[in-house]
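Architecture and fold: a report
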Amino acid sequence: MSEASTSYKKQDGKLLVAQNGRTVTWKPNAPSASSLTIATSEITNLQQTPEKSAKVSIKIVVQRIPGTPPENHTFSFTSPTSARAEQASITALLRKHIELARASGGNTPAPAAEDAPRQPAALAIAQAVSAGARAEENMYEDSRLMLNTELQRELLNARPRLFEIFNQALREKPDTITIIQFSTQFWAARVHDLRAYAVEKSQNQGTYNVLSEIKPVNVDGATRLNISKEQIQLIFKQHPMVRKVYNESVPKMNEGDFWSRFFGSRLFKKLKGEKITENDAVDPRLDQYLSFNEDADRTEQFVMAHVPHIIDLEGNEQDHSQRLGNRLDWTMQPSTNEKVPILRVLNTMSEKMLAEVTPTDAADPHAPAGMDEETYKELKLRDLQRGADDNRIMLKISDKKKFFTGNHGTQNSSSTTYAKRSPGKVLSAVREDVRNISDGMSSGRGLNLETAIGTQEDSDSEDDEEGVEKKARVGNKHSRGAATVQIMGAINQRHLHLDDQLLSTTSTAEQAAKVGLTSGVLDTLAMTHNTTVEFLHYFWTVFLSGDADRALEAEKLVETLAKSLERIKAVADTAEKERERKLGEQKKRIEEHLQKTGKRRKFDPNSIKGGSKAVNDMMAPITRAIGSALQQYKQAYEEQRAQMSQLQMML
């Protein structure tokens, strides 16, 4: 937010932060009062009232001229519903721009010394042009994207979800972390998003064959033509001959008559690539340009100074003519425009379109001239070279049995189990299973898989007996029930983690209904998860840096991660209260049904999903990640304390 309703010196108005962040302006609602403009670089201090205070205001301390007393400006937020939110947004935005102004203020280049050697003007201009070209080529580098605050602001405005994550993480960050540090860490994990957005902004709609898109329509015996100004400009650009005909004809005839006659003439069919017949209408004014060669005045854009032999078709025709053997197909034979005009028109139009496209394989203009080594190796005819000699070192083993036979090393549990079995008993069990299968197939009953694996469907006592420990057997009721629960649990868990395309088409209410939560709780949980991930990224960056000066920063981040656990617990408590409310409503409906019909419905509390269990299951990975981070920090902290104690004892 860059605008808020405020009161300054008991006058109502608007507090505005410029889009570039360089100025802060207060404009009064009354036209008679004067406005106030403050430069961000002149702000020396920024204060705000506490959250528990009834009055919501900020105080901006400004020092316009060094050595003079500072100026104090207090703005009170007057919005009846969102004053606190507007204060937090304006304060966060001002702090960010103040930090950026201070950081850029220290990077001002020092003036050159008077006795420094001066370079020639031509060399200076050449270096400036070269630097500009390099800057344009490297505009998608990570360092440039990280410094492009305007691009970051546009991306935040284009993606409201990302803007919410940024604002919440900014509000919950520790005070020891500056806005510049937070912004750098935030965008370091999203450089790919900045690059994709920059590429998306730089893309423009390409050209197309405009003549094939314009088609006259016959309405009530009259020819109607819909053509826009942009299409006319594109026709002039793709076909300079039409511009020439237009300039020579329009002063003598009406512009509407010219276009109606042009799109019905033989000239239009020629430029479009259609074959001209005797039945086509004759226009003496436009038909005189049929013999005009449009390619004569066109700049030769695809002429190369040197054509490599591998793609030199004219050289191939001279060195190895195709006069003998089968005749070439008619599409490959040289011909005039009148024979197959559409092919030549399509080729010419393709050349014009490709001439406006930036080549992806263009060489670096600052690289040395000539073919590089990789291109030379790629074009080199390797089939004409001799095969390379085999220079491998042969390994000769005198006794191969020593290395490839016998029982060496350790065996796994399955190998050990099978090794203890008697071959005779194993063969006997296999024969018995085969005999049972054969008997079932011969009797016409088919193969019963339950009988083959030894399942006893009628026997329930083996799973229900208490106090008797039995060995788990494949196929019994307990094993099948456990397998069913495991498979269904995996399916339900996979169903919740849909791919990005399905998630984009699924509403928040539908996603929340699957886990038994409300949309508000799910949105709060998602926002808590996103901000926690940001703090985890920042924590590991600081913790693994090994910089002793950032120890206090790591300690504050640990406190923030601990607060994240509290926020997750608060969301879980809210979800549990909603589930208890749903349980109460369900019980109330059952009692009402009992009073009306005298029959009591069966009540299953597990049928109502959601609650703290759903929240804890969804946040289990991030909770484990926080626990691992806190444990490693605690372990490193204890090791450092032990080392300090040893050093003190030695001293």
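Not measured: the values here are computed from a predicted model. (Residues numbered from 1 in each chain as written. Predicted model: local features only at pLDDT ≥ 70, side-chain atom pairs only at ≥ 80, totals over all residues. Heavy atoms only, no water.)

With that settled, the discussion passes to the side chain of H97. Within the fold, H97 resides in helix α1 (residues 83-105). Not counting residues within four places of it along the chain, the set of residues in contact with H97 comprises V17, N20, G21, T40 and R153. (Helix = DSSP H or I, 4+ residues; strand = E, 2+ residues; numbered from the N terminus. Contact = heavy atoms within 4.5 Å.)

Okay, the environment of I58 next. In this fold, I58 is placed in strand β6 (residues 57-62). Sequence spacing of I58 and L46 is 12 residues, and the spatial spacing of their C-alpha atoms is 7.2 Å. Contacts of I58, omitting those with residues within four sequence positions, involve L15, Q47, Q48, H73, T74, F75, F77, Q87, I90, T91 and L94.

Glancing now at the packing of helix α9 (residues 229-238) against helix α10 (residues 240-249). Relative to each other, α9 and α10 sit at 110°, their axes nearing to 4 Å. Taken together, the axis directions place α9 and α10 in an arrangement best described as roughly perpendicular. Contacts between α9 and α10 pair Q233, I235, F236, K237 and Q238 from the former with P240, V242, R243 and Y246 from the latter. Within the contact of α9 with α10, the residues separate by chemical class into 5 nonpolar, 2 polar and 2 charged. (Axes fitted to C-alpha atoms, helices over the stretch in contact; angles between N-to-C directions. Parallel < 35°, antiparallel > 145°, perpendicular 65-115°, else oblique. Nonpolar A, V, L, I, M, F, W, Y, C, P; charged D, E, K, R; others polar.)

Before going further, it helps to spend a moment on the UniProt feature "coiled-coil region" (unreviewed entry) in the protein chain. Within this numbering scheme, the UniProt entry marks residues 558-585 as carrying the feature "coiled-coil region" (unreviewed entry). End C-alpha to end C-alpha, residues 558-585 measures 41 Å, and it is 100% helix and 0% strand. (UniProt positions renumbered as here; feature names shortened; annotations may be inferred.)

All right, on to the nonpolar core then. Among the nonpolar cores identified, the biggest contains 42 residues, and F166, F182, F186, W187, F539, L561 and V615 are the most heavily contacted of them. Those elements that provide at least two residues to this core are α4 (149-158), α5 (160-172), α6 (179-188), α7 (191-202), α25 (519-543), α26 (551-597) and α28 (620-650). Residue assignment places this core across two domains, with domain 2 (142-202) and domain 4 (505-650) each supplying three or more. Sequence-distant contacts of V615, that is, excluding residues within four places in its chain, are made with L517, L525, I568, V571, A572 and A575. Formed by 22 residues, the second largest nonpolar core is a distinct cluster that contains F262, F263, L267 and F268. (Core = buried A, V, L, I, M, F, W, Y, C linked by side-chain atoms within 4.5 Å. Buried < 20%, exposed > 50% of the residue type's maximum accessible area, 1.4 Å probe, protein only. Domains from an automatic or database assignment.)

Tracing the backbone through its elements, the reader meets H73 in strand β7 (residues 71-77). Take H73: its relative accessible area is 7%, and that puts it in the buried class. When the C-alpha atoms of H73 and I60 are compared, they prove to be 5.2 Å apart, with 13 residues separating the residues in sequence. Reaching out from H73, the side chain makes a polar contact with the side chain of E71 at a distance of 3.2 Å. (Polar contact = N/O pair within 3.5 Å; in protein donor to acceptor, adjacent residues only side chain to side chain.)

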